[in-house]
Amino acid sequence: MKVFVTGGTGAIGGHVIPVLVGEGHTVTALARTPEKAAVLARQGAKPVTVSIFDRPALAAAFAGQDAIVSLASALPSMMQFVRVRAWRDNDRVRTQGSAAVTGAARDAGVTRVVQESVCMIYRGRGADWIDEDMPVDSFPAARANIAAEANANRFTATGGTGIVLRFGWFCGPGAAHSEQMLAQARHHIGLVLGPPGSYVSSIHLADAAAAVAAALHAPAGTFNVVDDEPLTKRAYAAALAHAAGTAMWLRGPGRAAVLFGDRLTSLTRSLRVSNARFRTAAGWAPRYPSAREAWIATATALGHGQPSRR
């Protein structure tokens, strides 16, 4: 297939481009700088410089493509998560940018759009499993992702095939927060956001990239892309410490994180999310069944910690 990727130089995009090229797709990707264009070219993609907010220019770039993969984001660093202003660029990308992308895809006659979203927009359900039929929660930090999903759904409603992939919390080389968390773990500091017994659903970036490739052949709809075994926040911190080869002396902020309210809602609630629907629809399965294996792989790739003793 001919596939155009936005966000191809981001955390997930850096894994998606090689996977798509490796599967024989002809890949074109948006590049904002010459340096990023060079990275894409080395990976086997054709770089194109165009604004994600310029619908006519995007339509011209999309001409002749079979699918658009919309991965563009502008996430702030972990240290900036609680600042409302830090999310403004990301919100604009997910609202105005995704609207321009789906509109341009329609204008160019492209029939398939894959839109990145996150499973952290679900309402917390304690230890209960969450599937795609469960309601999402329109708190402030979730609204941009909900808007991006709505754009993909409108694409389907007008005759295209829109696929929304709700990813778990990313883990792996290329995810800045993963590298930050590993660095903290090496100093015996563990991050526990919310009650220690609450759940977090994660996904290694390599598995996320494989899911994007699988979505090129999936039906229209919304799908969770998470690992097989969501861990409690306590077990997640322990998995990180094990991968880093350290003991966790300090864990925080724990239950106190809920005091930040909406600013950390997506990370403090309990989300035990199921991937069963996407497994069935796309024939996809994660290589790393839980954060235990994913963190070991990440630490090994980044040169931290010890290799797995499994």
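(A) Here's a closer look at the environment of D91. Along the chain, D91 falls in helix α4 (residues 88-108). Considering only alpha carbons, one finds D91 and A141, 50 residues apart in sequence, at a separation of 8.5 Å.

(B) Highlighting the packing of aromatic side chains. With the rule as written, the count across this model stands at 6 aromatic pairs. Seen from their ring centres, W169 and Y236 are 5.8 Å apart, and the 5° between their planes marks the pair as stacked. On the criterion of sequence distance, the pair formed by W169 in strand β8 (residues 169-171) and Y236 in helix α8 (residues 233-244) is long-range, its members being 67 residues apart. Of the two residues, W169 and Y236, neither departs from the other in class, the shared state being buried. Seen in terms of ring centroids, Y236 and W295 are 6.1 Å apart; in terms of plane orientation they differ by 75°. Their pairing is edge-to-face. Of this pair, Y236 sits in helix α8 while W295 sits in helix α11 (residues 291-302), and the two are 59 residues apart along the sequence. Its relative accessible area of 3% is what places Y236 among the buried residues. By relative accessible area, which is 0% here, W295 ends up buried. Counting every residue linked through ring pairs, the aromatic cluster contains W169, Y236 and W295. In this arrangement the basic side chain of R92 is found over the ring face of F53, its NZ or CZ atom lying 3.7 Å from the centre.

Analysis parameters
What you see as residue numbers is a count from 1 along each chain, following the sequence as written. Thresholds applied to this predicted model are a pLDDT of at least 70 for local features of residues and 80 or more for the giving and counting of side-chain atom pairs; totals over whole chains, interfaces and linings are not thresholded and use all residues. The side-chain quantities take in all heavy atoms of the structure and omit both hydrogens and water. Numbering of helices and strands runs from the N terminus, with a helix taken as a DSSP run of H or I at least four residues long and a strand as a DSSP run of E at least two residues long. Classification of ring pairs uses Phe, Tyr and Trp, with its six-membered ring standing for Trp, and accepts pairs whose centres are within 6.5 Å; under 30 degrees between planes counts as stacked, over 60 as edge-to-face, and the remaining range as tilted. Throughout, exposure labels follow a simple rule: accessible area from a 1.4 Å probe, protein chains only, divided by the maximum for the residue type, with under 20% read as buried, over 50% as exposed, and the rest as partly exposed. Note on criteria: charge over ring means Lys NZ or Arg CZ within 6 Å of the ring centre, with the direction from the centre no more than 35 degrees off the ring normal.

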